[in-house]
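An overview of the molecular structure
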Amino acid sequence: MKTASELRDLFLDYFTDKKHKLVRSAPLIPAKDPTLLFTNAGMVQFKDVFIGKDKRPYSRATSCQKCLRVSGKHNDLEQVGYDVTHNTFFEMLGNFSFGDYFKEAAIEFAWEFIVQTVNIPAERLWITVLDGDDEARRLWEAIGVSADRVVSLGEKDNFWAMADVGPCGPCSEINFDLGVDVGCGKSTCGPDCDCGRFFEIWNLVFMQFDRGPDGVLTPLPAPSVDTGMGFERLACVCQGKTSIFDTDIFMPIQMALSELSGVAITSEGQDGTAFRAISDHIRSHCFLLADGIMPANDGRGYVLRRLIRRAARFGQSLGLHEPFLYNLAPEVISQMGRAYPELRTQQEMITRVIKSEEERFQDTLNRAMPLVMEHVDEVKQAGGSVLDGDKVFSFYDTFGFPLDLVRDIAKENGLEVDEKGFERAMLGQKEKARAATAGHLEKGTEDSSHCDLCKSCFNGYESLKPSESHVERLIRVAGNVREISESASEGDNVELVLDRTPFYAESGGQVSDTGKIVSENAHVEIESVQKTASGAIIHGGVVKTGILKTGEAVISEVDCDRRCAIERGHTATHLLHFALRSILGEHVKQAGSLVEPDRLRFDFSHFGPVSERELLIIESLVNAKIREDLEVTADEMSFDEALDQGALAFFGDKYGDRVRMVSAGGFSKELCGGTHVARTGQIGILRILSSGSISAGVRRIEALTGERALEDDRQKILELKSVSDLLKTPLGKIVGKVQAMLDEIKALRRDLAEAEERVIGTVVVDFLKRADLVHGAKAIYENVGHERMDYLRRISDELKTCAKTVAVLGASDGKRGLLICAVTDDLTNRLDASHIIKTIAAKVGGSGGGRKNFAQAGCSDPKRLNEALSYAKEVVSDALAASKRTTS
C-alpha cells in the first residue's frame, strides 16, 4: 500500500516524464482575481494563460495545488464532518495543456496513470461524459472502457466552470465503484446516483470557452486541458478505504486528537463527526495562516475565524473545554512540511495564532453553550423541531455565538433553525443602529454626481511649483445642497474641478493637500481634496476674495511645507511596514493607515502584543534606513512585473493592469499611489509613540517623524530636566532615585496600614464597650468622623468576627455622608443589612444597598449623619423585636 506522500510524488513524476513543467502550488489567496475568495482549483494560477492574456515558456504543466472551498458554488463547509468525502482544505493534483494536447492525450494519460501506475482495477472504474460529447465517449471506448461504463450526463454534472465567469468547458469524470455493499443497493445505481457508492476521482476538463459576465461563451484562443484529481480521494482508493478520513493523511491527526481528548477514534455518531471536522479544519487553519491570512471579522480572515470556532465547538463535544487545536498544528506541519516548506518556517506563528484565537473564543463557548443547549432541550421536550430565531439571535448578540455553529448543533439534535426569524432580529438591530446615527454623514459620502462626467489629471508627483490650469466645473455648496454655478463670490463654499492639478486627493490613508487656487480676480483657500470614482478631483474650499468663474485660468499652489511633512510620514510608513515584517514575521500585513502632517498611524495584522524591546528594535531599524539616505523611486509597470520584482500588494487588494511601485532603497517595495520623499534621509527621524490592539488580530502603532519627532524629544527632555531639578538628582540617576522613593513610600504605607490596624482594633474594642444590648444582640451606632469608606469597611470586617453583632457606622469624606451596616453571620436570619441601610438612607435623602451581611449608602448632607444613626436604633430595634416574636 502506497503512502499519500508516495502517491503525490508518483503523480508529479509521471507527468514530468511526459514533458510537463512542474509548477509549485500557488498561494491560497488568488493573485489579482476578485471573482475568487480562495484558490479552489489547480487551474486558478493558469487562468490568464487559458484565456490568452498570459504566456508561459511551456505548453504543458503539472502541479499539486493547495485549495480551499468554503463558500459559493463549491460550498463544502456545512457538510464537512457529517460525511466521509467533503473537505475544506484539500490538495488537487493536475495536469494542464495550453493549446498543446487535447482530449485524446488527456484521456490516455489519465487512464495510464490510474490503471498502470497506481494499479486501480479497471473493472471498478466508471466514466461520465457530457451528453452529446461523442468524441470523448469514442476515445474512452477506444482505450478499452466498455460502452455501458461510459455514462452521458447533462451540463449540471459534466460542464465545468471555475466561477460564474471565466474559462469553462465540457468535462469527463473518472469514478470509482466502492461496491454493491455501499449506497442505495438499486440495480439502476450509477455514477449519477448520489447514494455514495460511486466516488469521483478525477475530472478532465476540456477548456474550450471563456464565459463573460453576460453568460456568453466565447471560444478560447486554443483548446486546452485542465484536469483535477482530489489527492485525498486518490489516497482513499489506493489505500483501500471507504472514507478519506481513514487514510494516512488524516489518521495521524485523529490519533493526536484522541490522545488529547481521551476519546477513542470513531466514525460513528457525534464523536465521529467531531473527529472528521477537527482533523479537516486544523489543516485549513495551518495553511491559511502560512499564507498570511489572520483571523478577522470580515473577508478571508473571517473564514479562518469561523473554521477555528467550528473546530473548537466540536472539541467541546469530545470534552475539550480548554484550547487544544494549537497542539494539533505540529502534527499537520510534520506531515505536510516537506511538500509545503512554508508551514515549517512559520510553525511558531501558526501555533501561537491558533492558541490566541481559541482562548478568545473558549470563553464565549463556555458561557453560551449551556444556554444554547438549554434552548435545544426546551424545544425537544416541547415536541418542537425548530430553534427560535429571536433566541438564536440573542446568543449571537449577547455572546457573539455564530449562527453556523447553532446550525450545526441543531443538525446534531435533529432540529432546524428559524433563520428567517434570526434575520428579522438582525435587521431590527440594524434599523435601530441606523436610526441612532441618522443625520450623521461620514466624510466622503457627499453627492458627487455633479462631477460624474469630469476628469482631472494629477501632476503633483513631478513638481510642487505653482501650476496653471482651468476651472472645468464650479459647484456652490450651502449645507447639504450643491448646485453647478457659473461663478462664486467672496464667502461662498465651493467645490472646484480643474483640468489638471498638483493637489493630492485623500487616498490610501494619506490626507489631502491644502493650499490656494487663485485667478486674476479671485482667491480660494483649499481645505480638502477628494477624488470621485469617475476620476474627477474635487477641491473643497472657500472664496476669500473676488469672484471666481467657470472656465477661468487659475494658478494652483499647494502648501509645500505641509505636503513635505506628509511625504515624510508616508515614506516612513513603508519603512515601518518593512521593519515590522523583518522583526515580527512575514505574516504582518498592513490593515490600514493614516498619514497626516504632524503624525502617522499604522495598523497591521499580528497575533499578540509587541514588546517594548521589539518596538525599540523596529524603531532602530527604521532610523538606520533613514540614516542610510537611500533613494526612493516610483515606477509605473504592469501588476505582474511589480509582483515579480517583489512588491507587496496587500492593502485594498484592488489593482488595475498598470500599477505604481514605490521602492525605498530596493528593500521596501509596495504598490502605492501616494506621494513620497526623494531620499529616506529627508524623513529625519521616526519616533514610535504607542502600540496597542484595536481589534482581534489587528494592532496599531502611532508615530512622529521629522521636526515633529524632534519637538517631542525636546519636550520629553525638558520634562526630565524638570523632574531632575525637583528631585535634586542628575538626569542619569533619576530612575534609581524614583525607585528608592517608591520603595520608601511602599514601606511607609505598610507602616501606616499596620498602625491603622492597631487603631481599628482599639476602636472596635471601644465600640463593643459602648454597644447596646437589644433583644439578645449587640448593636453599635457610631459616627467615626472624617474618614474614607474603606476605613469603615475595615472596621466592619473586624466587627463581623464578633458574635451576634450589628453595627451601623457613619463618616464624612468632606463632601457627603457615608453609611454602612454590618451584620454578623449568626444574625442574618434575624436582620438584613441591605434593608436596614436602605431604610435609614431614605430617611436622610440618600440611597444605597448591598447584601444581608453588609450594605452601604451615601447621603448628600454630612450634617444629617447623626440623624441617620439615631433612626438606625429604631429600625434595628424594631427588626430584632419582630424577629424574636416570629421565633417565639
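Residues numbered from 1 in each chain as written. Predicted model: local features only at pLDDT ≥ 70, side-chain atom pairs only at ≥ 80, totals over all residues. Heavy atoms only, no water.

A few points about unusual backbone geometry
Unlike most non-glycine residues, K728 shows phi in positive territory, near 55°. Inspection of the secondary structure assignment puts K728 in the loop between helix 19 (706-727) and helix 20 (734-769). A positive phi angle, near 40°, is found at K804, a position not held by glycine. Taking the relative accessible area as the measure of exposure, K804 reaches 45% and is therefore partly exposed. (Helix = DSSP H or I, 4+ residues; strand = E, 2+ residues; numbered from the N terminus. Buried < 20%, exposed > 50% of the residue type's maximum accessible area, 1.4 Å probe, protein only.)

A closer look at helix 13 (residues 389-399)
Residue pairs spaced three or four apart in an α-helix point in one direction, given the helix's 3.6 residues per turn. Looking at helix 13, one finds that the buried residues are G389, V392, F393, F395 and F399. Projected down its long axis, helix 13 shows its buried positions confined to an angular sector of 165°, all on one face. N-cap assignment for helix 13: the residue whose side-chain oxygen lies 3.2 Å from the backbone N of D390 is D388. (Arc of directions from axis to C-beta. Polar contact = N/O pair within 3.5 Å; in protein donor to acceptor, adjacent residues only side chain to side chain.)

Details of the sheet that holds strand 26 (residues 668-671)
On the basis of which strands lie adjacent, the open sheet formed by three strands has the order 24-25-26 and antiparallel pairing. With partners counted over all chains shown, the strands left at the sheet margins are strand 24 (632-638) and strand 26, one partner each. Neighbour-to-neighbour, the strand axes of the sheet open up by a mean angle of 25°, direction not taken into account. Taken together, the seven bridges between strand 24 and strand 25 (residues 658-664) define a ladder with antiparallel strand orientation. Among the inter-strand pairings, E636 is bridged to a residue of strand 25, identified as R660. Of the strands in this sheet, strand 24, strand 25 and strand 26 touch helix 16 (residues 560-584), which is tilted by about 115° from strand 26. (Pairing = 2+ DSSP bridges. Axes fitted to C-alpha atoms, helices over the stretch in contact; angles between N-to-C directions. Contact = heavy atoms within 4.5 Å.)

A short note on the packing of helix 19 against helix 20
In contact at an axis separation of 11 Å, helix 19 and helix 20 are set at 55° when each is read in the N-to-C sense. With respect to helix 20, the axis of helix 19 lies oblique. Viewed along their axes, helix 19 and helix 20 form a crossing whose handedness is left-handed. Within the contact between the two elements, helix 19 uses L720, V723, S724 and L727 and helix 20 uses I734, K737, V738 and M741. Partitioning the contact of helix 19 with helix 20 into residue classes produces six nonpolar, one polar and one charged. (Parallel < 35°, antiparallel > 145°, perpendicular 65-115°, else oblique. Left-handed = near helix turned anticlockwise from the far one by under 90°. Nonpolar A, V, L, I, M, F, W, Y, C, P; charged D, E, K, R; others polar.)

Thoughts on the pattern of salt bridges
The full count for this structure, using the stated rule, is 41 salt bridges. Between E419 and R407 there is a salt bridge; the shortest N-O distance is 2.8 Å. In this pair, E419 sits in helix 15 (residues 419-436) while R407 sits in helix 14 (residues 403-412), placing the two residues twelve residues apart along the sequence. For E782, the salt bridge identified is with R770, shortest N-O distance 3.1 Å. One end of the pair, E782, is in strand 30 (residues 777-786); the other, R770, is in the loop between helix 20 and strand 29 (772-774), with twelve residues separating them in the sequence. (Salt bridge = Lys/Arg side-chain N within 4 Å of Asp/Glu carboxyl O.)

Remarks on the environment of S463
If you trace the backbone, S463 turns up in the loop between strand 12 (457-458) and strand 13 (467-478). A relative accessible area of 29% places S463 in the partly exposed class. Along the chain, S463 and I537 lie 74 residues apart, while their C-alpha atoms are 18 Å from each other. Among the polar contacts listed, one links the side chain of S463 to the backbone nitrogen of K465, at a separation of 3.0 Å.

A word on the side chain of R482
Locating R482 in the fold gives a position in strand 14 (residues 481-484). Among the polar contacts made by the side chain of R482, one reaches the side chain of E495 at a distance of 3.2 Å.

Regarding the nonpolar core
Core analysis: the largest hydrophobic core is formed by 115 residues, its most contacted members being W140, W202, L325, I350 and F401. With eleven residues, the single largest contributor to this core is helix 12 (residues 347-381). Sequence-distant contacts of W202, that is, excluding residues within four places in its chain, are made with F11, F15, N95, A110, F113, I114, S172, E173, I174, T227, G228 and M229. Counting 27 residues, the second largest nonpolar core, distinct from the first, contains L831, I840, A841 and A872. (Core = buried A, V, L, I, M, F, W, Y, C linked by side-chain atoms within 4.5 Å.)

Digging into the packing of aromatic side chains
A full pass over the atoms with the stated rule returns 26 aromatic pairs. Taken together, the ring pairs connect F11, Y14, F15, Y101, F109, F113 and W202 into an aromatic cluster. The aromatic ring of F314 is capped on one face by R313, whose charged end is 4.6 Å from the ring centroid. One residue, R660, lies across the ring of Y461, its end atom 3.7 Å from the ring centre. (Phe/Tyr/Trp six-rings, centres within 6.5 Å; stacked < 30°, edge-to-face > 60°. Lys NZ or Arg CZ within 6 Å of the ring centre and 35° of its normal.)

Focus on the sheet that holds strand 22 (residues 590-595)
An order of 22-23-28-27 is seen for the four strands of this open sheet, with the pairing classed as antiparallel. Bordering the open sheet on either side are strand 22 and strand 27 (686-695), each of which pairs with just one other strand. Along the sheet, successive strands turn relative to each other by an average axial angle of 15°, direction set aside. Two elements, strand 22 and strand 23 (residues 600-605), share five bridges in a ladder whose sense is antiparallel. In the strand pairing of strand 23, V595 is matched with L600. Against the sheet, helix 16 touches strand 22, strand 23, strand 27 and strand 28 (698-705), its axis set at about 25° to strand 23. Lying on the sheet, helix 17 (residues 612-627) is in contact with strand 27 and strand 28; it crosses strand 27 at an angle near 135°.

A word on the pairing of strand 31 (residues 805-812)
Counted residue by residue, strand 31 has eight buried out of eight residues, so it is predominantly covered. Burial along strand 31 is two-sided: the residues T805, A807, L809 and A811 and V806, V808, G810 and S812 are all buried. Pairing of strand 30 with strand 31, which is carried by seven bridges, proceeds in the parallel orientation. Bridge pairing links I780 to A807 in strand 31. A crossover connection joins strand 30 to the parallel strand 31 through helix 21 (residues 789-799); in handedness this β-α-β unit is right-handed. Pairing geometry for strand 31 and strand 32 (residues 817-823), over seven bridges, is antiparallel. The residue bridging G810 from the neighbouring strand is L819, located in strand 32. The loop that links strand 31 with its antiparallel partner strand 32 comprises four residues; one of these, G814, has a positive phi angle of about 100°. (Right-handed = clockwise from strand over helix to strand, strands pointing away.)

Considering the pairing of strand 16 (residues 493-498)
Across the six residues of strand 16, five count as buried, placing the element largely inside the fold. As paired strands, strand 13 and strand 16 are joined by six bridges and run antiparallel to one another. Residue V471 lies in a different strand from strand 16, and its bridge partner there is L498.

Some remarks on the packing of helix 8 (residues 269-290) against helix 10 (residues 329-336)
The geometry of helix 8 relative to helix 10 is characterised by a closest axis approach of 9 Å and an angle of 75° between their N-to-C directions. One way to sum up the angle between helix 8 and helix 10 is to call them roughly perpendicular. Contacts between helix 8 and helix 10 involve I282, R283, C286 and F287 from the former and A329, V332 and M336 from the latter. Each residue belonging to the contact of helix 8 with helix 10 can be placed in one class, and the counts come to six nonpolar, no polar and one charged.

Overview of helix 10
A329, V332, I333 and M336 are the residues of helix 10 that are buried. Angular distribution of buried residues about the axis of helix 10 spans 95°; they occupy a single face of the element. For helix 10, the secondary structure elements touched by its buried residues are helix 1 (4-17), strand 3 (89-97), helix 7 (251-261), helix 8, helix 11 (341-345) and helix 12.

Regarding the confidence of the model for the protein
For the protein, mean pLDDT is 89; residues scoring 70 or higher make up 95% of the total. Low pLDDT, under 50, characterises residues 436-449; the predicted model gives this stretch seven contacts beyond four residues in sequence or across chains. (pLDDT = per-residue confidence, 0-100.)

With respect to the environment of F38
On the secondary structure map, F38 appears in the loop between strand 1 (21-22) and helix 2 (47-50). Residue class for F38 comes out buried when judged on its relative accessible area of 3%. Distance from F38 to T762, taken between C-alpha atoms, is 74 Å for residues 724 residues apart in sequence. Discounting residues that sit within four places of it in the chain, F38 has contacts with L28, P30, L68, V70, L288, R300 and V303.

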